[in-house]
Amino acid sequence: MDAFEKVRTRLETQPQEEYEVVNAEIKHGGFVYYQEGCCLVRSKDEEADSDIYEVLFNLEELKLDQPFIDCIRVAPDEKYVAAKIRTEESETSTLIVVKLSDQPVMEASFPNVSSFEWVKDEEDEDVLFYTFQRNLRCHDVYRATFGDNKRNERFYTEKDPSYFVFLYLTKDSRFLTLNIMNKTTSEVWLIDGLSPWDPPVLIQKRIHGMLYYVEHRDDELYILTNVGEPTEFKLMRTAADAPAIMNWDLFFTMKRNTKVVDLDMFKDHCVLFLKHSNLLYVNVIGLADDSVRSLKLPPWACGFIMDTNSDPKNCPFQLCSPIRPPKYYTYKFAEGKLFEETGHEDPITKTSRVLRLEAKSKDGKLVPMTVFHKTDSEDLQRKPLLVHVYGAYGMDLKMNFRPEKRVLVDDGWILAYCHVRGGGELGLQWHADGRLTKKLNGLADLVACIKTLHSQGFSQPSLTTLSAFSAGGVLVGALCNSKPELLRAVTLEAPFLDVLNTMLDTTLPLTLEELEEWGNPSSDEKHKNYIKRYCPCQNIKPQHYPSVHITAYENDERVPLKGIMNYTEKLKEAVAEHTKGAGEGYQPPNIILDIQPGGNHVIEDSHKKITTQMKFLYEELGLDSTDAFEALKKYLKF
């Protein structure tokens, strides 16, 4: 009865909008494989939404703390299923292989697996390829068989420590691609899906600065690459038996300032998911007649969520924004139309606005921003502002749905997402213009964005806060050192703050891999001196700082805790020194370091983290958080 009351209370306090929690799942043949509770299960496709399922494996047997399935792959003949399992506390994954007999049984388990795929050889035997990850580096590829002919052997080893290896099976399962990449260069080998024991075939030897990715259809390779001018992604095509670069023919080019988010291949169509001028598009290319249909997606949409799909007639995907949960869309090739999920319209559509703005950086570059606020907000200059930034690795600023962001907008906050150089929102050149000895461009862009927001009537410095994760901490830390007067408070999560000392330490897991992003201060004096100019830890000085709240993780392998603690101590010392000479009545900023247990780089759904960070922002701005936290309870799991 107690349990019943708790469930009823939870249901009664949930918001009117419906949100679906989706676990990793995959359809294969007539079955759907997914996680149910602590078990890997399968059910018949037509019964996937019911309670009728077969338990394949109990995850509790692995003796992990709250394990969940990250990825599922089913062998071609459905004799085996492989599932990658991890926990929120660690990035390390365990791969289990379950034999699908009358009594399913775990056939094997492999630790520290990153990517994996099945193929079937000439003898109709299932072959599992998987990559082994050690200290965040993934250099070794293995292949294994099971049953009576059990074997497990290393298939490939990458010698260059700055490269990372991952596996991808083409959409038609014809080829397994072995992708070897660093931040700016790639090399792809083809493993014949019909003859997986044959030596792989090299498509194109790695050339510094050249990226390419491969899909296959009807004996042709479709290659997404930045080769040629301009050095942005374009789509090439060549015969599968003539894969070398001299045989590539230009098939489709993107507009300038376009980010290629993803590509999906179908029997008669190629679908490109694009971001152009900070808006989302889908381009559908007819492969029979080379026709192109470009679809502009709803202006509220800020990000794609791709669906695993084996239906050749339809291309499903989801759209989302920070304040609006994912909504399903399907492009139907026969009708040539895009269909959206039916149902009630989210009320946030009418109660909030999304604006696409631009700020002019000091060198004249126009920097896109995405801004959210309540439609009925009056005197926006007196409203609190939360700015988000990342600006590294050519990666887009995360704009997936987060309940706490919706709560903030409902409570009158303005949210601003600044798409500065170093990120990838405007294509490959946008990244190139914000890495190595151009990192300060990202800082200049961030300053321009905040000043533009203030000048256009969005909040003011005393009500402005800034949030960043991981590498975004570099720009935020640099801004706090150089323009602290623009901010009132900052929240950082697993932030990268000690760039110089980290990049000097080649024993750390990612240092060699990330030389292309930050430079090599060990061997290049120019890089070393440039990093010193912006590195947050190197430029702390006695002055007034905004209040800073840092969430760090005890065993984080990507951002060492040592660097975060060093930064925090130096910042506290600088604040204390400034306070001594500031006179009576001076209110020093709060500098808080919250160290969480565990080793995962980020525990995104930690309710404790969300509530702690929100409480910090409200208290620093002197705002009443009662209504916000009551609303937040409706979204978070009990």
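Calculation criteria
Residues numbered from 1 in each chain as written. Predicted model: local features only at pLDDT ≥ 70, side-chain atom pairs only at ≥ 80, totals over all residues. Heavy atoms only, no water. Helix = DSSP H or I, 4+ residues; strand = E, 2+ residues; numbered from the N terminus. Buried < 20%, exposed > 50% of the residue type's maximum accessible area, 1.4 Å probe, protein only. Contact = heavy atoms within 4.5 Å. Areas by Shrake-Rupley, 256 points an atom, 1.4 Å probe, with all protein chains shown as cover. Lys, Arg positive; Asp, Glu negative; His and termini not counted. Charge placed at Lys NZ, Arg CZ, Asp CG, Glu CD. Axes fitted to C-alpha atoms, helices over the stretch in contact; angles between N-to-C directions. Parallel < 35°, antiparallel > 145°, perpendicular 65-115°, else oblique. Left-handed = near helix turned anticlockwise from the far one by under 90°. Nonpolar A, V, L, I, M, F, W, Y, C, P; charged D, E, K, R; others polar. Pairing = 2+ DSSP bridges. Salt bridge = Lys/Arg side-chain N within 4 Å of Asp/Glu carboxyl O. pLDDT = per-residue confidence, 0-100. Phe/Tyr/Trp six-rings, centres within 6.5 Å; stacked < 30°, edge-to-face > 60°. Polar contact = N/O pair within 3.5 Å; in protein donor to acceptor, adjacent residues only side chain to side chain.

Moving on to the overall build of the chain. The secondary structure content of the chain amounts to 12 helices and 36 strands. If you line up the chain on its principal axes, its C-alpha atoms span 85 × 70 × 50 Å. By the burial criterion, 53% of the 638 residues in the chain qualify as buried. Sequence-distant contacts, at least 24 apart, represent 54% of the contacts inside the chain between residues at least 6 apart. Of the roughly 29100 Å² of accessible surface on the chain, a fraction of 48% belongs to carbon and sulfur atoms. Charged side chains of the chain number 76 positive and 98 negative; the gap between the two group centres comes to 6 Å.

This next bit is on the packing of helix α11 (residues 607-621) against helix α12 (residues 626-635). The interhelical angle for the contact between α11 and α12, taken along N-to-C directions, is 165°, at an axis separation of 11 Å. Between α11 and α12, the interaxial angle falls into the category roughly antiparallel. Every pair of crossing elements has a handedness; the one defined by α11 and α12 is right-handed. Listed contacts from α12 to I610, T611, M614, K615 and Y618 of α11 are A628, F629 and L632. A breakdown of the residues in the contact of α11 with α12 according to their chemical character gives six nonpolar, one polar and one charged.

Time to look at the environment of L446. With respect to the secondary-structure elements, L446 resides in helix α5 (residues 439-455). Through-space distance from the C-alpha of L446 to that of V420 is 6.4 Å; in sequence the pair is 26 residues apart. Non-local contacts of L446, meaning those with residues more than four positions away in its chain, are made with V387, V389, C418, V420, L466, L475 and L479.

Taken together, the four strands give an open sheet; going across it, the order is β9-β10-β11-β12, and neighbouring strands pair in antiparallel fashion. A single partner strand is all that each edge strand has here, and the edge strands are β9 (113-120) and β12 (151-157). Between one strand axis and the next, the sheet turns through 25° on average, direction left out of account. When strand β11 (residues 137-145) meets β12, the two strands line up antiparallel, connected through six bridges. Bridging from a neighbouring strand, D140 pairs with T157 of β12.

On to the pattern of salt bridges, then. Where side chains of opposite charge bring their charged atoms close, a pairing between them can arise. This model, assessed by the stated rule, comprises 32 salt bridges. The closest approach of N and O atoms between R421 and D445, which form a salt bridge, is 2.8 Å. Pair noted here: R421 is in the loop between β32 (414-418) and α4 (428-432) and D445 is in helix α5, with a separation of 24 residues, a long-range link. Note on D445: relative accessible area 0%, which makes it buried.

We now examine unusual backbone geometry. Cis geometry marks the peptide bond from E229 to P230, where omega comes out at -10°. Looking at the element boundaries, P230 is found in the loop between β18 (220-225) and β19 (234-239). Not every positive phi belongs to a glycine, and N257 is a case in point at roughly 60°. Along the chain, the position of N257 falls in the loop between β20 (249-253) and β21 (258-265).

Take the confidence of the model for the chain next. Where the model shows low pLDDT, its predicted coordinates should not be examined in detail. With 95% of its residues at a pLDDT of at least 70, the chain reaches an overall mean of 90. Confidence drops under pLDDT 50 across residues 14-22; counting only partners more than four residues distant or on other chains, this segment forms 15 contacts.

Here we come to the packing of aromatic side chains. The description of an aromatic ring pair rests on the distance of the ring centres and on the angle between the ring planes. On inspection of all chains with the given rule, the structure shows 21 aromatic pairs. Pairing F317 with Y329 gives two aromatic rings, centres 6.1 Å apart and planes at 10°, and the pair type is stacked. Taken together, the residues F317 in strand β26 (residues 314-321) and Y329 in strand β27 (residues 324-332) connect sequence positions 12 residues apart. Judged by its relative accessible area of 1%, F317 falls in the buried class. The exposure class assigned to Y329 is buried, which follows from its relative accessible area of 3%. Taking the centre distance of 6.0 Å and the plane angle of 85° together, the rings of Y393 and W518 count as edge-to-face. Residue Y393 is found in the loop between β31 (385-389) and α3 (403-410), and its partner W518 is found in helix α8 (residues 515-518); the two are separated by 125 residues along the sequence.

Right, let's talk about the side chain of K275 for a bit. Inspection of the secondary structure puts K275 in strand β22 (residues 269-276). For K275, a relative accessible area of 5% translates into the label buried. Polar contacts involving the side chain of K275 include one to the side chain of D396, which spans 2.9 Å. Excluding residues that lie within four positions of it along the chain, K275 makes contacts with N257, T258, K259, V261, L280, C302, D396 and E425.

A few words on the side chain of T145. Mapped onto the secondary structure, T145 falls in strand β11. At 2.6 Å, the side chain of T145 forms a polar contact with the backbone oxygen of N149. Setting aside chain neighbours within four positions, we find T145 in contact with E125, D126, V127, K150, R151 and W197.

Before going further, it helps to examine the sheet that holds strand β6 (residues 80-86). Read from one edge to the other, the open sheet built from four strands follows the order β5-β6-β7-β8, with strand pairing classed as antiparallel. Where the open sheet ends on each side, the last strands, each with one partner, are β5 (68-74) and β8 (105-111). Averaged over neighbouring strand pairs, the angle between their axes works out to 20° when direction is ignored. Taken together, the six bridges between β6 and strand β7 (residues 94-99) define a ladder with antiparallel strand orientation. Its bridge partner being in β7, A82 is matched across the sheet by V97.

As a further point, take the packing of α5 against helix α6 (residues 472-482). The packing of two helices is summarised by the inter-axis angle and the distance between the axes. Running from N to C, α5 and α6 cross one another at 65°; their axes reach a closest spacing of 10 Å. Classed by the angle they form, the pair α5 and α6 counts as roughly perpendicular. Handedness of the crossing formed by α5 with α6: right-handed. Across from K439, G442, L443, L446, V447 and I450 in α5, the residues of α6 making contact are L475, A478, L479 and S482. Its residues placed into classes, the contact of α5 with α6 shows seven nonpolar, two polar and one charged.

A few words on the environment of E25. One can find E25 in strand β1 (residues 25-28). According to the relative accessible area criterion, E25 is partly exposed, its value standing at 40%. Spatially, the C-alpha atom of E25 lies 6.5 Å from that of I72, the residues being 47 residues apart in sequence. If we ignore the near neighbours within four places in the chain, the residues touching E25 are V32, Y33, Y34, I72 and T308.

Attention now moves to the environment of A240. If you trace the backbone, A240 turns up in the loop between β19 and β20. Taking the C-alpha atoms as reference points, A240 and D218, separated by 22 residues in sequence, lie 8.8 Å from one another. With sequence-adjacent residues up to four places away left out, A240 is seen in contact with F175, H216, D219, E220 and L221.

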